[in-house]
Amino acid sequence: MANRVHIPTNNSALIAMIADEDTVVGFLLAGVGNVDLRRKTNYLIVDSKTTVKQIEEAFKEFTTRSDIAVVLISQYVANMVRFVVDSYNKPIPAILEIPSKNHPYDPAHDSILSRVKHLFSAESVASRH
């Protein structure tokens, strides 16, 4: 136990969420939620009234904030702003597409998974030569 690494809590990174209400509430109950001094949250609840512009703005905000390490986005929401998700290419924050209660996960639409498949297929081709 003497070799435990102390993780400073004041420099901890957050997980951001862009998803439907049930998914966001589940993660909030698990302790993922955060509200800073300016009343900015690390989540966006997407419902029928949420516009594509609001989703796009939240995605851009979460991917430029220095206190966020991972952005979880429901895949059906990511499909609404696919052009923005596909153009994002930084390693941090990492973007993970997740399923939601009413929309199952479809690996064919996951941009990160397709990039990984492309990377490994390129490596396997290169290693053959």
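It should be noted that the structure appears before, not after, this text.
Now for a description of the structure that goes with this document. (Residues numbered from 1 in each chain as written. Predicted model: local features only at pLDDT ≥ 70, side-chain atom pairs only at ≥ 80, totals over all residues. Heavy atoms only, no water.)

1. Notes on the sheet that holds strand S3 (residues 68-74)
- With parallel pairing, four strands are arranged side by side in an open sheet as S2-S1-S3-S4. A single partner strand is all that each edge strand has here, and the edge strands are strand S2 (43-45) and strand S4 (94-98). Averaged over all pairs of adjacent strands, the angle between their axes in this sheet comes to 20°, without regard to strand direction.
- Bridging between S3 and S4 involves five bridges; their strand directions are parallel. Paired with Val70 across the bridge in S4 is Ala94.
- Seen against the sheet, helix H1 (residues 21-29) touches strand S1 (14-19), S2, S3 and S4 and runs at an angle of roughly 160° to S1.
- Set on the sheet, helix H2 (residues 52-64) makes contact with S1, S2, S3 and S4; between it and S1 the angle comes to about 170°. (Pairing = 2+ DSSP bridges. Helix = DSSP H or I, 4+ residues; strand = E, 2+ residues; numbered from the N terminus. Axes fitted to C-alpha atoms, helices over the stretch in contact; angles between N-to-C directions. Contact = heavy atoms within 4.5 Å.)

2. Thoughts on the nonpolar core
- Ile18, Phe59 and Ile73 are the most contacted members of the largest nonpolar core, which totals 19 residues.
- Listed by contribution, the elements that provide at least two residues to this core are S1, H2, S3, helix H3 (75-80) and helix H4 (82-87).
- By residue number, the principal contributor to this core is H2, which donates four residues.
- Excluding anything up to four places from it in sequence, Ile73 contacts Ile18, Phe59, Ala78, Val85, Ile95, Leu96, Glu97 and Ile98.
- Ranked by size, the runner-up nonpolar core spans six residues in total, among them Met17, Val24, Val32 and Leu72. (Core = buried A, V, L, I, M, F, W, Y, C linked by side-chain atoms within 4.5 Å. Buried < 20%, exposed > 50% of the residue type's maximum accessible area, 1.4 Å probe, protein only.)

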